[in-house]
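Spelled out, the chains give:
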Amino acid sequence: MAYHKKDAKAAMCYISDTEKPGYSQIITKYTLLKTNDILSLLEVEIETGKTHQIRAHLAHIGLPLQLR
């Protein structure tokens, strides 16, 4: 669980571990399916569906998405 804020003017979204004014609670669940030294395959379930939630929340917890 974390908190999400979208800033449309700056075309950015922000994630926080703590509740802050203007932030909405988000819930992102993930399961590690497979991993090697370079990549991991995750199954991701979002309960709240905010803008860029998967990308932003995973990056926030140290699991950034990368295109291959």
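Everything below is about the structure printed above this text.
Anyway, here's the lowdown on the structure attached to this text. Computed from a predicted model, the values in this text were never measured in an experiment.

## With respect to unusual backbone geometry
Okay, step 1: Positive phi, normally seen in glycine, also occurs at A11, with a value near 55 degrees.
Okay, step 2: Residue placement: A11 occurs in the loop between β1 (2-7) and β2 (12-16).
Okay, step 3: A positive phi angle is found at H52, which is not glycine, with a value near 55 degrees.
Okay, step 4: One can find H52 in the loop between β5 (40-46) and α1 (53-60).

## Side note on the pairing of β5
Along a regular strand, successive side chains alternate from one face of the sheet to the other.
Okay, step 1: Sheet analysis places strand β4 (residues 28-35) next to β5, joined by seven bridges and oriented antiparallel. Residue pairing for β5: K34 is matched across the bridge by L41.
Okay, step 2: Linking two consecutive strands that pair antiparallel, namely β4 and β5, is a turn of four residues.

## Structural notes on the nonpolar core
Okay, step 1: Core analysis: the largest hydrophobic core is formed by five residues, namely A2, C13, I15, I26 and A56.
Okay, step 2: Aside from chain neighbours lying at most four places away, what touches I15 is A2, Y3, H4, Y23, I26, A56, H57 and H60.

## Here we look at a nonpolar patch on the surface
Okay, step 1: Together, Y30, I61 and L63 line one region of the surface with nonpolar side chains, adding up to about 250 Å² of accessible area.
Okay, step 2: Classification of L63 by relative accessible area gives partly exposed; the value is 33%.

## Topic: the pattern of salt bridges
Okay, step 1: Counted under the stated rule, the structure contains one salt bridge.
Okay, step 2: Here E47 makes a salt bridge to K29, at a shortest N to O gap of 2.7 Å. Here K29 lies in strand β4 and E47 lies in the loop between β5 and α1, a separation of 18 residues in the sequence.
Okay, step 3: Owing to a relative accessible area of 41%, K29 belongs among the partly exposed residues under this scheme.

## Quick word on the environment of L67
Okay, step 1: If you trace the backbone, L67 turns up in the segment after α1.
Okay, step 2: The exposure class of L67 is exposed, given its relative accessible area of 88%.
Okay, step 3: The spacing of L67 and K5 is 62 residues in sequence and 24 Å in space, taken between C-alpha atoms.

The rules we used
Numbers given for residues are sequential positions, taken from 1 along each chain in its written order. The predicted origin of the model limits local features to residues at a pLDDT of at least 70 and limits the giving and counting of side-chain atom pairs to 80 or more, whereas totals for whole chains, interfaces and linings rest on all residues. Side-chain calculation: all heavy atoms of the structure are included, whereas hydrogens and water are not. Note on conventions: DSSP H or I runs of at least 4 residues are helices, E runs of at least 2 residues are strands, and numbering of each starts at the N terminus. Pairing between two strands is assigned when DSSP locates at least 2 bridges connecting them. Joining through side-chain atoms within 4.5 Å is the link that ties buried Ala, Val, Leu, Ile, Met, Phe, Trp, Tyr and Cys residues into a set, and such a set is a nonpolar core. Summary of the burial criterion: residues with accessible area below 20% of their type's maximum are buried, those above 50% are exposed, and those between are partly exposed, where the area comes from a 1.4 Å probe applied to protein chains only. Throughout, a residue-residue contact means that at least one pair of heavy atoms, one from each residue, lies within 4.5 Å. Within this analysis, patches are made of residues with over 30% relative accessible area and no salt bridge. Like charges are joined at 9 Å or less; nonpolar side chains (Val, Leu, Ile, Met, Phe, Trp, Tyr) at 5 Å or less. For every accessible area listed, the method is Shrake-Rupley and the probe measures 1.4 Å; residues are considered covered only by the protein chains on display. A pairing counts as a salt bridge when a side-chain nitrogen of Lys or Arg comes within 4 Å of a carboxyl oxygen of Asp or Glu.

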